[in-house]
Amino acid sequence: MKQCLKIISNRVILVPYEETHVLKYHEWMKSPELQEATSSVPLTLEEEYQMQKSWRDDSDKYTFIVLDKEIFRTQNEKDSMVGDVNLFLLPKDDTSDHVVGEVTIMIAEKEARGKGLGQEALLLMMSYAVRTLKISKFVALIGENNTPSVKLFEKLKFQEVDKTYFGERKFEKIISESEWEDFTTSRGLLYEEYFYDRKIS
């Protein structure tokens, strides 16, 4: 189950979004810069707790908090939080055999940006989606002014397919499980799943 899953890689650790993470996450999302980059609107703290429960428990939503593995040597998750990565399962299209997931990535801590942590976290989420959820088509909606995210998804061989409403650009990537394994192996991605102990600091 996603609520009990921790994924470890070379430089990041993904853990489920728990109530203990909400206060720091809420502080992040007060930033107008992050609101614009993620096409988000400010939530009250109560709404943020409700959102956390939805992302944690709904069967079509997957979200993980991104921890900086180097900082996590202290074993303090809240101090190690640098962002989040999300996956939303889209409704089945009868005209296609693909299982489709929409992905988003946010590195909220400024000092953690530009280090490749977002790329690694995104690759981990996509690996989980391909292996466990059998997703073969990924979609990303990116604000047209969010140049770093556009560059990241282009680096991962997403193709721009459309400009959507509200100033967002739509990118897609179609890939089989065997192709994905080759894709991540060529990038030296470490992917290890562990049981998540929710007794956290």
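Above this text sits the structure in question.
Report follows, based on the coordinates. (Residues numbered from 1 in each chain as written. Predicted model: local features only at pLDDT ≥ 70, side-chain atom pairs only at ≥ 80, totals over all residues. Heavy atoms only, no water.)

## A look at the environment of Thr147
We count it as follows: In this description a helix means any DSSP run of H or I spanning at least four residues, a strand means any run of E spanning at least two, and both kinds are numbered starting from the N terminus. Relative accessibility under 20% of the residue-type maximum defines a buried residue, over 50% an exposed one, and the middle range a partly exposed one, all with a 1.4 Å probe and only protein chains included.
Mapped onto the elements of the fold, Thr147 is located in helix α6 (residues 147-155). The class for Thr147 is partly exposed, based on a relative accessible area of 41%.

## Remarks on empty space enclosed by the protein
The condition is simple: In this analysis a 1.4 Å probe is tested at points of a 1 Å grid over the protein atoms alone, and where it fits but cannot get out there is a cavity; an open set with protein on both sides within 12 Å along at least five of seven lines is a pocket; lining residues have an atom within 4 Å of a point. Grid points are joined across faces, edges and corners, and a volume is the space filled by probe spheres set on the points. Each residue is assigned to one class: nonpolar for Ala, Val, Leu, Ile, Met, Phe, Trp, Tyr, Cys and Pro, charged for Asp, Glu, Lys and Arg, and polar for all the others, Gly among them.
Scanning all chains against the criterion turns up one cavity of 30 Å³ or more. Listing elements by their share of the lining of the largest cavity, those giving two or more residues are α3 (45-57) and β3 (61-68). Here the element with the most residues in the lining of the largest cavity is β3; it accounts for three residues. The residue inventory of the lining of the largest cavity, partitioned by class, reads five nonpolar, two polar and two charged.

## A word on the pairing of strand β6 (residues 137-143)
Our working rule: Any two strands are treated as partners once DSSP identifies two or more bridges connecting them. A clockwise course of the path from the first strand over the helix to the second, judged with the strands pointing away from the viewer, identifies a crossover as right-handed.
By the criterion of burial, β6 is predominantly enclosed, with six of the seven residues buried. With three bridges joining them, strand β5 (residues 100-107) and β6 adopt parallel strand pairing. When the sheet's bridge partners are listed, Glu102 is paired in β6 with Val139. The parallel pair β5 and β6, bridged by helix α5 (residues 117-132), forms a crossover whose chirality is right-handed.

## Side note on the nonpolar core
Generally speaking, nonpolar side chains in soluble globular proteins are found buried as a group. Note the cut-off: Throughout this description, the term nonpolar core refers to a set of buried Ala, Val, Leu, Ile, Met, Phe, Trp, Tyr and Cys residues connected via side-chain atoms within 4.5 Å. For this analysis, residues touch if any pair of their heavy atoms sits within 4.5 Å.
Grouped together as the largest cluster of nonpolar side chains are 40 residues, with contacts concentrated most on Leu87, Val103, Leu122, Phe138 and Phe158. Top element by residues in this core is α5. It accounts for 10 residues. Beyond its immediate sequence surroundings of up to four residues, Val103 is in contact with Asn86, Leu87, Leu122, Met126, Phe138, Val139, Ala140, Phe153 and Phe158. Of all hydrophobic cores here, the second largest spans 16 residues; its members include Ile13, Val22, Ile65 and Met81.

## Remarks on the pattern of salt bridges
To keep things clear, this is the line we draw: By convention in these notes, a salt bridge is any Lys or Arg side-chain nitrogen within 4 Å of a carboxyl oxygen on Asp or Glu.
Under the defined criterion, the tally for this structure stands at 14 salt bridges. Close ionic contact of Glu33 with Arg113 constitutes a salt bridge, the shortest N to O distance being 3.0 Å. One end of the pair, Glu33, is in helix α2 (residues 32-37); the other, Arg113, is in the loop between β5 and α5, and 80 residues separate them in sequence. The class for Arg113 is partly exposed, based on a relative accessible area of 30%. We note a salt bridge from Asp57 to Arg56, for which the minimum N-O separation is 3.1 Å. Where salt bridges share partners, they join Glu18, Arg56 and Asp57 into one cluster.

## Focus: α5
Filter applied, for reference: Between the first and last residue of a helix there are one fewer steps than residues, each counted as 1.5 Å, and that sum is the expected span.
An ideal rise of 1.5 Å per residue puts 22 Å on 16 residues; α5 measures up with 22 Å between its terminal C-alpha atoms. Counted residue by residue, α5 has 14 buried out of 16 residues, so it is predominantly covered. Taken from the residues just after α5, Lys134 is the one with a positive phi, measuring 60 degrees.

## Observations regarding the packing of aromatic side chains
Using the following cut-off: Paired rings are identified among Phe, Tyr and Trp, the last through its six-membered ring, by centres lying within 6.5 Å, and are further divided according to the angle between planes into stacked (under 30 degrees), edge-to-face (over 60) and tilted (the rest). Charges are assigned to positions over rings by a cutoff of 6 Å between ring centre and Lys NZ or Arg CZ, combined with an angular limit of 35 degrees from the ring normal.
All told, the structure shown has seven aromatic pairs when counted by the stated rule. Through a chain of ring-to-ring contacts, three or more aromatic side chains come together here, namely Tyr17, Tyr25 and Trp28. One Lys or Arg, Lys173, reaches over the ring of Phe183 and ends 4.3 Å from the middle of that ring.

## Describing the sheet that holds strand β8 (residues 168-174)
This is how the line gets drawn: Here an angle of 0 to 180 degrees is reported between the N-to-C directions of two axes, which are lines fitted to C-alpha atoms, with helices fitted over the stretch in contact.
Strand order across the open sheet formed by nine strands is β7-β8-β6-β5-β4-β3-β2-β1-β9, with mixed pairing between neighbours. Only two strands of the sheet have a single partner each, and these edge strands are β7 (159-163) and β9 (192-195). On average, adjacent strands in this sheet sit at an angle of 25 degrees to one another, irrespective of strand direction. Sheet topology note: the strand β2 (residues 12-16)/β3 ladder contains five bridges and is antiparallel. From the neighbouring strand, Ile13 faces β3, where its bridge partner is Leu67. Along the sheet, α6 contacts β5, β6 and β8; its crossing angle with β6, the most-contacted strand, is approximately 160 degrees.

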